[in-house]
2 protein chains.
Amino acid sequence: MHFTSETSSNGVIERNFTLGEITGVLWSPVSGSVGAPLLLSGHSGGMHKKAPGLVAGALHCVTTYGYTVAAIDTPGHGDRPRNPQDQRSADAIHRARAAGEPIAPIVVDYNRWLAERAVPEWQATIDALQALPEIGAETAIGYGGMTLGVVTGLMLATVESRIAALSIGAVFVDDALIETARKITIPVEYRIPWDDEYIDRHAGLALFDAFGSREKTLHAHSGGYNQVPEYERDNSARFFARHLRRAGATPA
Amino acid sequence: MHFTSETSSNGVIERNFTLGEITGVLWSPVSGSVGAPLLLSGHSGGMHKKAPGLVAGALHCVTTYGYTVAAIDTPGHGDRPRNPQDQRSADAIHRARAAGEPIAPIVVDYNRWLAERAVPEWQATIDALQALPEIGAETAIGYGGMTLGVVTGLMLATVESRIAALSIGAVFVDDALIETARKITIPVEYRIPWDDEYIDRHAGLALFDAFGSREKTLHAHSGGYNQVPEYERDNSARFFARHLRRAGATPA
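Predicted model, so just to flag it, every value in this text is computed and none were measured.

A. Quick look at the overall build of chain A. Across its full length, chain A carries seven helices and nine strands. Along the longest, intermediate and shortest principal axes, the C-alpha atoms of chain A span 50 × 40 × 30 Å. Within chain A, contacts between residues separated by at least 24 positions form 67% of all contacts whose residues are at least 6 apart in sequence.

This is the structure we're talking about:
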C-alpha cells in the first residue's frame, strides 16, 4: 500500500493510496485512531471512491465517532481503467436508460461480475490496512454500501470473516443476491426507499427476510431512489457503534 | 388537573394527577422544561400509565432530551374502574388466550371501543397540560404508543391538530385502522417486529403503506412480539427531536 497524497481538513486526514491496481482512499481522525473501528465503504454503480454521499457519510463517521473509513474504486470505476467488457456494460446501461427501458437486468449481471472482481481486492485492502500500525489486526471491521456496493459487501461478507457488521442501502435484487443473503449471519442494517421508482419494495423486503442474521434491522422511509434521509447517516454510524464495540466506538 | 403526589429521582420529577375521572402521570426534568416538547405516551392493552417499558422510555426522553412526558390510564385500566363491558372484554381475551385461540378479533374491537373513550380524555389532558405555566399553549406535542396506545394515537391524531408527530409500535391491524391511517399526514415512525408471532408482518406493512404522511419511517427488527430492541427507545426520542424542534429538542 502506497500513500500517494495526504491532506488534512476539519480534523480529518485524507490519504489516497494505491495497492497494485487498486486505487483507494483512507479517512482517519487527526486525533488518532488506535483501537477505533474500521469501516469499508462500497460506492454505487457508476460512481467512485469519493462519491459525494459516500464522502459525507465517511466524514461524519470520522468526526463524530472517531472511526477510520476506507473506500476503493471498483474495477472500471473512478481512477481505474475500463476494459472492453466494462465499456460495453456501461454503454448498454446508458442506452437502456436513454430509451426508457428497464436497466435492472443489465445492472444485476454487471454488478455481480464487478463484485466478483472487487471481493479479492477488498480482501487485499483489508490485509494492507491491518498491516498499518494505526489500524492493526485486532480492529473491528464493518462494511457499508449502496447498490453495487451492496452486492460487493454481501459477497465479501460470505467469504471474509473479518467483516463483523453490514449497513446497506438500496440494491437491485435477483435470486443470486437472495441466496448470498441467506449465507450472511452477521448483524445487518438495511435501508430502503418505500417509494423507489426503480426497485420494487417487495424485492427489498424479500432480501431483508433472506438474511440469515439473528440481528437485522430494516429502515424503510418515504421517498424515492437515492432519497436517503440525512438522519440515516447517523443511524448507520450508531449501528456500527453498537456492533463494533471497541475504544472509539462511542461518539467522540 | 389536580396533582396528587410529587416525587423526584435522578433528575426527574414525577407527578401523579387526576383530571375528573382520568388518572395520569407527568414526568419532567428537574432542570426545567419551558419550551421543551411534550410527549404523550399511550400504554398497551391490559397495561397502565406506568407500564415498565413506557416508564423506561419516558425517563430516557426526560433525562437525555429534556422532554416532558405525560401518560394517562385508559378507561378500565390502571387506577380506573372496569365497567361491565370492560370486564367482559378482558375475560374474553383471557379465555381465548388460555384456550390457544386467536385473540386478534376480540382485541381489535375492544381496542377501538377503548380508544373512542380515550381520545376526548387525551384532548382534555392536553388542554389541562397546556394551562400549566411550565408547558404552555405553544409547546410542540408528539404521541408515542404500543398496541392499544397505537389505536388511540391514530384516532387522536385525526381529530387533534395539536399532535405533530407519531412514534408507534406493534398493533393489530384491521380495515378501520387502515382507514384511520390514510387520514394521517403528520410524520410517523413505526416499529414492527419482523418475526411477530401474533401480528402478520404484511398487516404491519399495509398499515405503514396506508399512512398519508409525506414523512414516514418503518423500522423492522428481527425478533418477536414485544421484543423491541433497546436502541429503538433512543431512535424514537431522536425522531421526536427532528420533528418537534424547539428549545430542549436536542440532547440535554
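B. Structural view of the packing of helix α4 (residues 148-159) of chain A against helix α5 (residues 175-182) of chain A. Residues and elements named next belong to chain A. Running from N to C, α4 and α5 point in directions that differ by 40°, and their axes come no closer than 9 Å. With respect to α5, the element α4 is oriented oblique. In this structure, α4 crosses over α5, and the sense of that crossing is left-handed. Packed against α4, whose contacting residues are V151, L154, M155 and T158, the element α5 presents L177, T180 and A181 at the interface. The residue inventory of the contact of α4 with α5, partitioned by class, reads five nonpolar, two polar and no charged.

C. The interface of chain B and chain A, seen in detail. Counting residues at the interface gives 12 residues for chain B, matched by 12 residues for chain A. At the level of elements, β9 (216-221) and α7 (231-243) of chain B are the ones that each hand at least two residues to the side of chain B that touches chain A. A total of six residues in the side of chain B that touches chain A trace back to one element, the largest contributor, which is β9(B). Of the residues assigned to the side of chain B that touches chain A, the class counts are four nonpolar, four polar and four charged.

D. Main features of the relation of the copies chain B and chain A. Mapping chain B onto chain A calls for a screw motion: a turn of 180° about the axis and a shift of 0.0 Å along it, with 0.0 Å RMSD after fitting. The superposition of one copy onto the other is thereby described by a two-fold rotation axis. Of every C-alpha in chain B, the one belonging to B:H219 sits nearest the axis of rotation, 2.4 Å from it. Residue by residue, 100% of the interface of chain B is reproduced at the interface of chain A, so both copies engage with the same surface.

E. Region of interest: the environment of A:H60. Positionally, A:H60 belongs in helix α1 (residues 52-65). Expressed as a C-alpha distance, the spacing of A:H60 and A:A237, which sit 177 residues apart in the sequence, is 8.1 Å.

F. View of unusual backbone geometry. All names here are of chain A. You will see that N10, though not glycine, has its phi angle at about 50°, which is positive. By secondary structure assignment, the location of N10 is in the loop between β1 (2-9) and β2 (12-19). Judged by local crowding, N10 falls into the exposed class, with 8 C-beta atoms found within 10 Å.

G. Fine view of α1(A). All names here are of chain A. Taking 1.5 Å per residue as the helical rise, α1 with its 14 residues ought to reach 20 Å, and the 19 Å between its terminal C-alpha atoms agrees with that figure. All buried positions along α1 are accounted for by L54, G57, A58, C61, V62 and Y65. Viewed along the axis of α1, the buried residues span an arc of 130°, placing them on a single side of the element. Turned more than 90 degrees away from the buried face of α1, the exposed residues are P52 and A56. For α1, the elements touching its buried residues are β2, β3 (22-29), β4 (38-42), β5 (68-72) and α7 (231-243). Residue G66 follows α1 closely and has a positive phi angle near 75°.

H. Representation of the environment of B:V12 within the structure. Residue and element names in this part refer to chain B. Counting through the fold element by element, V12 comes out in strand β2 (residues 12-19). Classification of V12 by C-beta neighbours within 10 Å gives partly exposed; the count is 18. Along the chain, V12 and T63 lie 51 residues apart, while their C-alpha atoms are 6.9 Å from each other. Excluding residues that lie within four positions of it along the chain, V12 makes contacts with W27, P29, V30, L59, V62 and T63.

I. A look at the pairing of strand β9 (residues 216-221) of chain A. Residue and element names in this part refer to chain A. For β9, the tally of buried residues reaches six of six residues, placing the bulk of the element in the interior. Here β9 shows two buried faces, one formed by K216, L218 and A220 and the other by T217, H219 and H221. Bridge count for strand β8 (residues 188-193) against β9 is six bridges, and the pairing is parallel. Within the sheet, the bridge partner assigned to V188 lies in β9 and is K216. This β-α-β element, β8 to helix α6 (residues 201-210) to β9, shows right-handed connectivity.

J. Region of interest: the pairing of β2(B). Residues and elements named next belong to chain B. Direction of pairing for strand β1 (residues 2-9) relative to β2: antiparallel, over a ladder of seven bridges. Following the sheet pairing, E6 is matched in β2 by R15. Between β1 and the antiparallel strand that follows it, β2, lie two residues; N10 among them carries a positive phi value of about 50°. Across eight bridges, β2 lies against strand β3 (residues 22-29) in antiparallel orientation. Residue pairing in the sheet places T18 in a bridge with T23 of β3. The hairpin formed by β2 and β3 contains two residues between the paired strands, and G20 there has a positive phi angle of roughly 60°.

K. Inspection of the nonpolar core at higher detail. Membership of the largest hydrophobic core comes to 134 residues, with the highest contact counts inside it found for A:V69 and B:V69. Excluding residues that lie within four positions of it along the chain, B:V69 makes contacts with B:W27, B:L39, B:S41, B:A58, B:C61 and B:V62.

L. Geometry of helix α3 (residues 104-130) of chain A. A rise of 1.5 Å per residue sets the reference length of α3(A), with its 27 residues, at 39 Å; its end C-alpha atoms lie 36 Å apart and thus fit the reference within 8%. Along α3(A), the sharpest change in direction is near 30° and occurs at A:A118; proline A:P120 comes one to four residues later.

M. Focus on the confidence of the model for chain A. Summarising the model, chain A shows a mean pLDDT of 94, and 97% of its residues fall at 70 or more. For this predicted complex, the interface score ipTM comes out at 0.85, while the overall pTM is 0.90.

Cut-offs and rules
Residues numbered from 1 in each chain as written. Chains lettered and ligands numbered in written order. Predicted model: local features only at pLDDT ≥ 70, side-chain atom pairs only at ≥ 80, totals over all residues. Helix = DSSP H or I, 4+ residues; strand = E, 2+ residues; numbered from the N terminus. Contact = placed C-beta atoms within 7 Å. Axes fitted to C-alpha atoms, helices over the stretch in contact; angles between N-to-C directions. Parallel < 35°, antiparallel > 145°, perpendicular 65-115°, else oblique. Left-handed = near helix turned anticlockwise from the far one by under 90°. Nonpolar A, V, L, I, M, F, W, Y, C, P; charged D, E, K, R; others polar. Least-squares fit on C-alpha atoms with pLDDT ≥ 70 in both. Buried ≥ 20, exposed ≤ 12 C-beta atoms within 10 Å, placed from the backbone. Expected span 1.5 Å × (residues − 1). Arc of directions from axis to C-beta. Pairing = 2+ DSSP bridges. Right-handed = clockwise from strand over helix to strand, strands pointing away. Core = buried A, V, L, I, M, F, W, Y, C linked by C-beta atoms within 7 Å. Bend = angle between axes of the 7 residues up to and from the residue. pLDDT = per-residue confidence, 0-100.

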